[in-house]
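Observations on the model geometry
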Amino acid sequence: MFSPEIVIAAVINGLLTGAVYALVSVALTLVYGVLHIINFAHGAILTAAMFAAFFAQQAGVDPLIAVVFIAPAFFLLGYAMQRWIIGPASHGDDRNILLVTLGLSIVIENALLAAFRSDTRSIDVPYGFSSVDLGFVFLPMPRVIAFGVTCAVALLLWALLTRTDAGKAIRAVAREKLGAALVGIDVPHVYALTFGIGAACLAVAACVLLPSYYVHPRVGNAYVLIAFTVVVLGGMGSVPGAMIGGLFIGVVESLSGLYFGESLGQLGVFVIFILVLLVRPTGLFGARA
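Residues numbered from 1 in each chain as written. Predicted model: local features only at pLDDT ≥ 70, side-chain atom pairs only at ≥ 80, totals over all residues. Heavy atoms only, no water.

Here helix α9 (residues 220-234) spans 21 Å end to end across 15 residues, near enough to the 21 Å set by a 1.5 Å rise per residue. The buried fraction of α9 is high, at 11 of 15 residues. For α9, the set of buried residues is G220, Y223, V224, I226, A227, T229, V230, V231, V232, L233 and G234. As for α9, its buried residues are in contact with α1 (4-35), α2 (42-58), α8 (187-209), α10 (239-260) and α11 (267-279). Just downstream of α9, G235 is the residue with a positive phi angle, here 115 degrees. (Helix = DSSP H or I, 4+ residues; strand = E, 2+ residues; numbered from the N terminus. Expected span 1.5 Å × (residues − 1). Buried < 20%, exposed > 50% of the residue type's maximum accessible area, 1.4 Å probe, protein only. Contact = heavy atoms within 4.5 Å.)

Listed below in structure tokens is the structure:
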């Protein structure tokens, strides 16, 4: 048994880690909620964004500052991918979209592998080894910053979806595509807009991840596995579910690592995944079709 202070410290660290999981998962569930497809290029886009943040740091720009131009760049990249590659290549068939995103994932990963080899890279930032002292636990500064950035992005995303015309159009298309088209909403544009927002969220996640993590051409795949678990737990297409699910999965992973060892830290995550599929397949906030 561990003392309450150790358990509480593990929970807090889990929340900090889970915030990044939540941000990656929000991008996945947002695309699913509107386009009703799974984006298999999700991990590859995250990897590309981490490389962008890495080379920005090599050029002397801190990743937390670089996010100001990396996020808009990946929004435009995501918009273009959906509007001029995924959409036209799918010919309106969701099964084709799955194949196209899988193909994009393979192309992006192998392009990164060809350009940068399989070397693992990391960065040094001035605050990399700084911490916040709460009296009973020291919290790594990069994770604290990541938590704050994730909360800010969540608020911005909520404001976008609920307070803007673009957000209302996204919610309308997600609810009823044909009805939205009949009232004049440009559905292909909304699809591309949603995909771009998802890519921008991944870019933000990449910039807050890099100060405490590493990057190589396949690093995004590990986060996609967690993101799928979070999305299933929260409910497919539910943005609030993805946020709460990400925090919960971060805590589960942290406590599993505490009780079962670091190497088995993700054991609890996949146990939760199986239990949710067995007991509540729609997730915590999902609805039956």
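UniProt feature "transmembrane region" (unreviewed entry): in the numbering of this structure it lies at residues 7-31, 37-56, 63-85, 97-116, 136-161, 190-210, 222-252 and 258-279. Measuring from the first to the last C-alpha atom of residues 136-161 gives 39 Å, for a span that is 81% helix and 12% strand. Across residues 222-252 one finds 87% helix and 0% strand; the C-alpha atoms that close the span lie 16 Å apart. (UniProt positions renumbered as here; feature names shortened; annotations may be inferred.)

I45, L46, M50, I70, F74 and I249 are the most contacted members of the largest nonpolar core, which has 81 residues in total. For this core, the element with the most residues is α8, which contributes 16 residues. When neighbours within four sequence positions are excluded, L46 is seen to be in contact with V24, L202, A205, A206, G220 and Y223. Judged by nonpolar contacts, the second largest core, of five residues, contains A9, I12, L16 and L139. (Core = buried A, V, L, I, M, F, W, Y, C linked by side-chain atoms within 4.5 Å.)

On to α1. With 32 residues, α1 should cover 46 Å at 1.5 Å per step; its first-to-last C-alpha distance of 45 Å lies within 8% of that length. Judged by how many residues are buried, α1 sits mostly within the fold: 24 of 32 residues are covered. Two residues or fewer after α1 comes H36, characterised by a positive phi angle close to 60 degrees.

In this fold, A66 is placed in helix α3 (residues 63-90). Its relative accessible area of 0% is what places A66 among the buried residues. Sequence spacing of A66 and F55 is 11 residues, and the spatial spacing of their C-alpha atoms is 9.9 Å. Beyond its immediate chain neighbours, meaning those up to four positions away, A66 contacts A56 and V61.

All right, on to the packing of aromatic side chains then. Scanning the model with the defined rule gives nine aromatic pairs in all. Ring geometry for F51 against F116: centres 4.7 Å apart, planes inclined by 20 degrees, an arrangement best described as stacked. On the criterion of sequence distance, the pair formed by F51 in helix α2 and F116 in helix α4 (residues 94-116) is long-range, its members being 65 residues apart. Counting every residue linked through ring pairs, the aromatic cluster contains Y21, Y213, Y214 and Y223. (Phe/Tyr/Trp six-rings, centres within 6.5 Å; stacked < 30°, edge-to-face > 60°.)

Right, let's talk about the pattern of salt bridges for a bit. Two side chains bearing opposite charge may form a pair once their charged atoms approach each other closely. A full pass over the atoms with the stated rule returns two salt bridges. In this structure, D186 and R83 form a salt bridge, with 3.9 Å as the shortest nitrogen-oxygen distance. Separated by 103 residues along the polypeptide, D186 in the loop between α7 (177-182) and α8 and R83 in helix α3 bring together distant segments of the chain. On the accessibility criterion, D186 (39% relative accessible area) is partly exposed. The partner of R218 in a salt bridge is E109, and the shortest N-O contact between them spans 2.6 Å. (Salt bridge = Lys/Arg side-chain N within 4 Å of Asp/Glu carboxyl O.)

Right, let's get into the environment of I12. Relative to the assigned elements, I12 resides in helix α1. For the pair I12 and A41, spaced 29 residues apart in sequence, the C-alpha separation works out to 31 Å. Contact partners of I12, with chain neighbours within four places excluded, come to L134, F136 and L139.

Viewed as axis vectors pointing N to C, helix α5 (residues 141-163) and α8 meet at an angle of 165 degrees, and their least axial separation amounts to 10 Å. The angle between α5 and α8 falls in the class roughly antiparallel. Note on packing geometry: the crossing formed by α5 with α8 is right-handed. Taking contact as the criterion, the partners of A146, V149, V153, L157 and L160 in α5 are, on α8, I197, C201, V204 and V208. The residue makeup of the contact of α5 with α8, split by class, is nine nonpolar, no polar and no charged. (Axes fitted to C-alpha atoms, helices over the stretch in contact; angles between N-to-C directions. Parallel < 35°, antiparallel > 145°, perpendicular 65-115°, else oblique. Left-handed = near helix turned anticlockwise from the far one by under 90°. Nonpolar A, V, L, I, M, F, W, Y, C, P; charged D, E, K, R; others polar.)

For the rest of this paragraph, the subject is a nonpolar patch on the surface. Judged by side-chain polarity, Y259, F260, L264, L267, V271, I274, L275, L278 and V279 come together as a nonpolar surface patch covering roughly 900 Å² of accessible area. Residue assignment for the nonpolar patch shows that the elements contributing at least two residues are α10 and α11. As for its position among the elements, L278 is in helix α11. Residue L278 is classed as exposed on the basis of its relative accessible area of 64%. (Patch = residues over 30% accessible without salt bridge, like charges linked within 9 Å, V, L, I, M, F, W, Y side chains within 5 Å. Areas by Shrake-Rupley, 256 points an atom, 1.4 Å probe, with all protein chains shown as cover.)

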